Amino acid sequence: AFVKWYCKLVDKEDSDESSQDSEVAEEKTKAEAAFDNICDDLSDTIDASDFAKLLESMGTTYCEEEHRRTVKKISEVDSSSGKKVIKKSVFVQWYVDWLFGDGDSDEESEAESRGSDAASSKKESKERSEGWGSLFKTSEKGSWKCEVCMVTNGPSVFKCSACET
């Protein structure tokens, strides 16, 4: 009985993967068609300024704040016109990853958009290396820890603010 159940389970997982593959193919086709509707010529590129129109034509809500990093990441400067353009293949790949991906690339782009000056990166690495221990350090000079409840109190407080001892 277990073996039959397990075989059915494995067969079901295989069909789930194939259904996701068909969904990916469908969304890819939809993205290509929407891109072709926005694209004026046969160059397979659109102006980066048309990105909002492209997303909205696909039924997706465009958020300038969220998608600004995306436009910056997937666009490039056209050598002949000097304008920022988005290639069809790059857009379709990004769109499919955006819909079906796990979101790792968004975190990377957020980190890139914060800037790369040395001071901020040193500060971030210091904060990461301190971990939980930094939360329990005394915050002000002269602050004290209550021996009854272990709450840290400021230097101007004479009774514990938590247990009043």
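Here's a quick rundown of the structure. Computed from a predicted structure; not experimentally measured. (Residues numbered from 1 in each chain as written. Predicted model: local features only at pLDDT ≥ 70, side-chain atom pairs only at ≥ 80, totals over all residues. Heavy atoms only, no water.)

**A look at the packing of helix α3 (residues 64-74) against helix α4 (residues 88-100)**
Think of two packed helices as two axes; the pair is described by the angle between the axes and how far apart they sit. For clarity, the threshold we go by: Interaxial angle, 0 to 180 degrees, is taken between N-to-C directions of lines fitted to C-alpha atoms, where a helix line uses only the stretch in contact. The way it works is that DSSP assigns letters per residue, a run of H or I at least four long becomes a helix, a run of E at least two long becomes a strand, and they are numbered from the N terminus. Under this scheme an angle from 65 to 115 degrees is roughly perpendicular, one under 35 degrees roughly parallel, and one over 145 degrees roughly antiparallel; angles in between are oblique. Note on convention: near helix rotated counterclockwise from far helix by under a right angle means a left-handed crossing. Clockwise means right-handed. Only heavy atoms matter for contacts: two residues are in contact if any of them lie within 4.5 Å across the pair. Under the convention adopted here, Pro, Cys and the residues Ala, Val, Leu, Ile, Met, Phe, Trp and Tyr are nonpolar, Asp, Glu, Lys and Arg are charged, and Gly plus all remaining residues are polar.
Closest axis-to-axis distance for the α3/α4 pair is 11 Å, and the angle between their directions is 140 degrees. In this view, α3 runs oblique relative to α4, as classed from their interaxial angle. Taken as a pair, α3 and α4 cross one another with a handedness that is right-handed. Residues Glu66, His67, Thr70 and Ile74 of α3 form the contact with α4, whose own contacting residues are Val90, Phe91, Trp94 and Trp98. In terms of residue class, the contact of α3 with α4 is made up of five nonpolar, two polar and one charged.

**Here we look at the sheet that holds strand β1 (residues 45-47)**
Which entries qualify depends on this criterion: Two strands are counted as paired when DSSP detects at least two bridges linking them.
Spatially, β1-β3-β2 is the arrangement adopted by the three strands of the open sheet, whose pairing is antiparallel. Taken across any chain shown, the strands that pair with only one partner, and hence form the sheet edges, are β1 and β2 (75-77). Adjacent strand axes in the sheet meet at a mean angle of 45 degrees when their direction is disregarded. Where β2 and strand β3 (residues 84-87) come together, three bridges link them in antiparallel fashion. The residue of β3 that forms the bridge with glutamate 76 is valine 85. Of the strands in this sheet, β2 and β3 touch α3, which is tilted by about 50 degrees from β2.

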